[in-house]
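Survey of secondary and tertiary structure
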Amino acid sequence: MPYGERKEEMGKNRFAVFLTMVMAALVLVFGSTLPAKAAIVQNSKGDIVVDYPDNETNQPTAKAYKLIDVNFDYTAQQPKDPAYVWDSSVATWLSANGYNKYVGNNNAVVDFEDGKATDADKLYREVAAAIKDGSIAVTAEDALTQRAMGVYLVIVSGGVNTYKPMVSQLVPEKGDSGEYGISSGKVTMKAEKPTVDKTVDKAEVVGVQVGDDVPFEIVVSIPDYPENAVATKLVIADKMGTGLKFNNDISVYGEMNSDKVADGAKLTLNNEYKIVQQDLGGHSDYDFVIELNWSKVKNYTHVLVRYTAELTSDAVLTPTGNPNEVKYQYSNDPYDTNSFEEIPDKPSVRTYGAKVKKVNGQGAALAGAEFILSRNQDGSDPLSFVNNGDGKYVVADSDDRNTSTQLAVGASGDQLGKLEVGGLGKGEYWLKETKAPDGYNLLSSPVKITIADDDNDGIVNSGSDGWVALDVVNKKGFQLPTTGGSGTAMFAAVGIVLVGGGAALYLNMKKRSGN
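Please read all numbers here as calculations on a predicted model, not as lab measurements. (Residues numbered from 1 in each chain as written. Predicted model: local features only at pLDDT ≥ 70, side-chain atom pairs only at ≥ 80, totals over all residues. Heavy atoms only, no water.)

**Quick word on the overall build of the chain**
Of the regular secondary structure elements, the chain holds 5 helices and 34 strands. Here the chain, with 515 residues, has 45% of them falling under the buried criterion. Pairs at least 24 apart in sequence give 70% of the contacts found in the chain among residues at least 6 apart. (Helix = DSSP H or I, 4+ residues; strand = E, 2+ residues; numbered from the N terminus. Buried < 20%, exposed > 50% of the residue type's maximum accessible area, 1.4 Å probe, protein only. Contact = heavy atoms within 4.5 Å.)

**Notes on the side chain of Asp-333**
Take Asp-333: it is sitting in the loop between strand S23 (322-330) and strand S24 (341-345). According to the relative accessible area criterion, Asp-333 is buried, its value standing at 2%. What Asp-333 contacts, discounting residues up to four positions off in sequence, is Lys-132, Ser-157, Ala-231 and Ser-339.

**Considering the sheet that holds strand S31 (residues 418-424)**
Taking strand neighbours across the sheet as the criterion, the 5 strands line up as S28-S29-S31-S26-S34 in an open arrangement whose pairing is mixed. Two strands bound the open sheet, and with one partner strand each, they are strand S28 (385-387) and strand S34 (467-473). Mean inter-strand twist for the sheet, computed between neighbouring axes without regard to direction, equals 20°. As paired strands, strand S26 (residues 352-359) and S34 are joined by 7 bridges and run parallel to one another. Paired with Ala-354 across the strands is Val-468, a residue of S34. (Pairing = 2+ DSSP bridges. Axes fitted to C-alpha atoms, helices over the stretch in contact; angles between N-to-C directions.)

**Here we look at the environment of Val-252**
Here Val-252 is to be found in strand S18 (residues 251-255). Classification of Val-252 by relative accessible area gives buried; the value is 0%. A sequence separation of 51 residues divides Val-252 from Val-303, and the C-alpha atoms of the two residues are 7.1 Å apart. Excluding residues within four positions of it along the chain, Val-252 makes contact with Ala-265, Lys-266, Leu-267, Tyr-273, Ile-290, Val-303, Leu-304 and Val-305.

**Overview of helix H2 (residues 88-96)**
Along H2, the residues that are buried comprise Ser-89, Val-90, Ala-91, Trp-93 and Leu-94. Downstream of H2 by one or two residues, Gly-98 has phi in the positive range, about 85°.

**A look at the packing of aromatic side chains**
A complete count under the given rule lists 12 aromatic pairs for this structure. Seen from their ring centres, Tyr-52 and Tyr-163 are 5.8 Å apart, and the 70° between their planes marks the pair as edge-to-face. A residue pair is termed long-range when its members are at least 10 positions apart, and Tyr-52 in the loop between strand S2 (48-51) and strand S3 (61-73) and Tyr-163 in strand S7 (residues 162-163) qualify at 111 residues. Overall, the relative accessible area of 25% leaves Tyr-52 in the partly exposed class. Note on Phe-246 and Phe-288: the rings are 5.1 Å apart at their centroids and 40° apart in plane angle, and the pair reads as tilted. Separated by 42 residues along the polypeptide, Phe-246 in strand S17 (residues 244-246) and Phe-288 in strand S21 (residues 288-292) bring together distant segments of the chain. The class of Phe-246 is buried, set by a relative accessible area of 15%. In this structure an aromatic cluster arises from ring pairing among Phe-216, Phe-246, Phe-288 and Tyr-307. (Phe/Tyr/Trp six-rings, centres within 6.5 Å; stacked < 30°, edge-to-face > 60°.)

**A few points about the pattern of salt bridges**
Throughout the structure, instances matching the rule amount to 11 salt bridges. A salt bridge links Lys-327 to Glu-342; the shortest N-O distance between them is 3.5 Å. A residue pair is termed long-range when its members are at least 10 positions apart, and Lys-327 in strand S23 and Glu-342 in strand S24 qualify at 15 residues. Linking Glu-428 and Lys-448 is a salt bridge whose minimum nitrogen-to-oxygen distance equals 3.6 Å. Separated by 20 residues along the polypeptide, Glu-428 in strand S32 (residues 427-435) and Lys-448 in strand S33 (residues 447-451) bring together distant segments of the chain. (Salt bridge = Lys/Arg side-chain N within 4 Å of Asp/Glu carboxyl O.)

**So, the sheet that holds strand S27 (residues 370-374)**
An order of S30-S27-S32-S33 is seen for the 4 strands of this open sheet, with the pairing classed as antiparallel. Strands with a single pairing partner mark the edges of an open sheet, and in this sheet they are strand S30 (407-408) and S33. Alignment of S32 against S33, held across 5 bridges, turns out to be antiparallel. Bridging from a neighbouring strand, Trp-430 pairs with Lys-448 of S33.

**Focus: the nonpolar core**
Nonpolar side chains in soluble globular proteins tend to be buried together. Counting 63 residues, the largest nonpolar core has Ile-218, Ile-236, Leu-292, Leu-373, Leu-419, Leu-424 and Ile-449 as its most contacted members. For this core, the leading source of residues is strand S22 (residues 302-311), giving 5 residues. Setting aside its immediate chain neighbours within four residues, Leu-419 contacts Ala-354, Lys-355, Val-356, Phe-371, Gly-391, Tyr-393, Leu-407, Ala-408, Val-409 and Leu-431. By size, the runner-up hydrophobic cluster in this structure holds 49 residues, among which are Trp-86, Leu-123, Ile-182 and Tyr-335. (Core = buried A, V, L, I, M, F, W, Y, C linked by side-chain atoms within 4.5 Å.)

**Here's the deal with the pairing of S18**
Where burial is concerned, most of S18 is hidden: 5 out of the 5 residues are buried. Judged by which residues are buried, S18 turns out to be covered on both faces: Ser-251, Tyr-253 and Glu-255 on one side and Val-252 and Gly-254 on the other are all buried. The pairing of S18 with S22 spans 5 bridges and is classified as antiparallel. Residue pairing for S22: Gly-254 is matched across the bridge by Val-303.

**Focus on a positive patch on the surface**
Residues Lys-355, Lys-357, Lys-392 and Lys-418 make up a contiguous surface patch of positive charge. Within the secondary structure layout, Lys-392 lies in strand S29 (residues 392-395). Looking at Lys-392, the relative accessible area reads 37%, which means it is partly exposed. (Patch = residues over 30% accessible without salt bridge, like charges linked within 9 Å, V, L, I, M, F, W, Y side chains within 5 Å. Areas by Shrake-Rupley, 256 points an atom, 1.4 Å probe, with all protein chains shown as cover. Lys, Arg positive; Asp, Glu negative; His and termini not counted. Charge placed at Lys NZ, Arg CZ, Asp CG, Glu CD.)

**Re the pairing of S3**
When a strand is regular, its side chains alternate between the sheet's two faces. Alignment of S3 against strand S6 (residues 150-157), held across 7 bridges, turns out to be antiparallel. The residue bridging Tyr-65 from the neighbouring strand is Leu-153, located in S6. Hairpin geometry of S3 and strand S4 (residues 78-86) is characterised by an intervening segment of 4 residues between the two adjacent antiparallel strands and by a positive phi of about 55° at Gln-77.

**Some thoughts on the side chain of Glu-217**
With respect to the helices, strands and loops of the structure, Glu-217 is situated in strand S15 (residues 213-221). At 2.8 Å, the side chain of Glu-217 and the side chain of Arg-306 are in polar contact. (Polar contact = N/O pair within 3.5 Å; in protein donor to acceptor, adjacent residues only side chain to side chain.)

This is the structure:
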């Protein structure tokens, strides 16, 4: 084979194997048929184009560091031997860190025949770390356009994702005219965005009763940082909303499956995780902040945090509910300790209520009625309430004092005969009357109240908000006539007739027996 062809073929083979090692992508095939390109001349340049995933919402910063120079004969318009040469600083670092087999005479790129893409991923993560800490003295120019031929390591920071270092190639590529031009420098970044999923009792929103403990779960994914990363902070911060009181009962688990079911290992406080005072932004207004030790949890796919919070009598009764805010903060540049991104999540705990109107048979409001409310039909174990005045009550929580089981309807004005009971959960309740309005019969059986929210949107099935509405009707009772009235005379007359009739019957029977 002529020397020039041998040099060209050698350059082709080495670069093809090199690219397999790096990304298993964009293999340079000398002699392939490509669109016409401008001939390569001294100082020919190309553009590096970085393609980000669709979920990137920030404006990341990409820097390209030249690792390999191209050895090209501009007169003969073909690669020289060796076709690819390491930057001297990179070659020195490779030789000193166990990669000397890739460095040939005069820093030639050699011996990649056995390389794998996974090896390349590890190598270029380590090279990126060495660039960041100054062990490799290559610098990035400000612009990605008009860069000299070579192989560049592209490092991205400042995105919502964590990005792997990727390679962009501005290398000789033969067009269909037979002339060489510079290949496209487009590189598609491989990204990983950690996830956070916070649920309330296995659902995004749930309706519960005041005083109940609400079970929460936070599930976060664990990023795949390089082993030599200097920034691997992972923080979970939680802030309880109005109406929620943290019970200080955290349990943390390491998970190895995508189902995120807590069947993994229970993690140890002050080993795999610790409780800290502030999040990565220096804020401390949280109920708890957990910092994960990445080196101890890196082999898990997810970490799950379980805890409970009590729904208190301060809970608001609206479709928006009582939100609980969580943030998952993570280092989005493994080589910059000051760089982090966060993902928020805010599930909501919703509670409901019942609006009762006490009326007579004609629908007129009645004052004076009193009730108890229970989950049991027989009225046993009635709920306790905080009285907010004039027929308005909310279920008591564990910290409330001066509570009562008795519920009295409003006595006057717009609240006449009305009873509002807030802080109820889904399910059935039984309203038992303990005192009827004056002149009316006491209800003989309790009234069932059913709270259902099939859409889980904070609006009960039977209404337009979180309140169930119902009328409770009382009927007039049997009344004795007042003293001295005509009714008394009537009863006396009837009594005299009955007594006289009885006496006459007795005398008649006695007379007959005498005969």
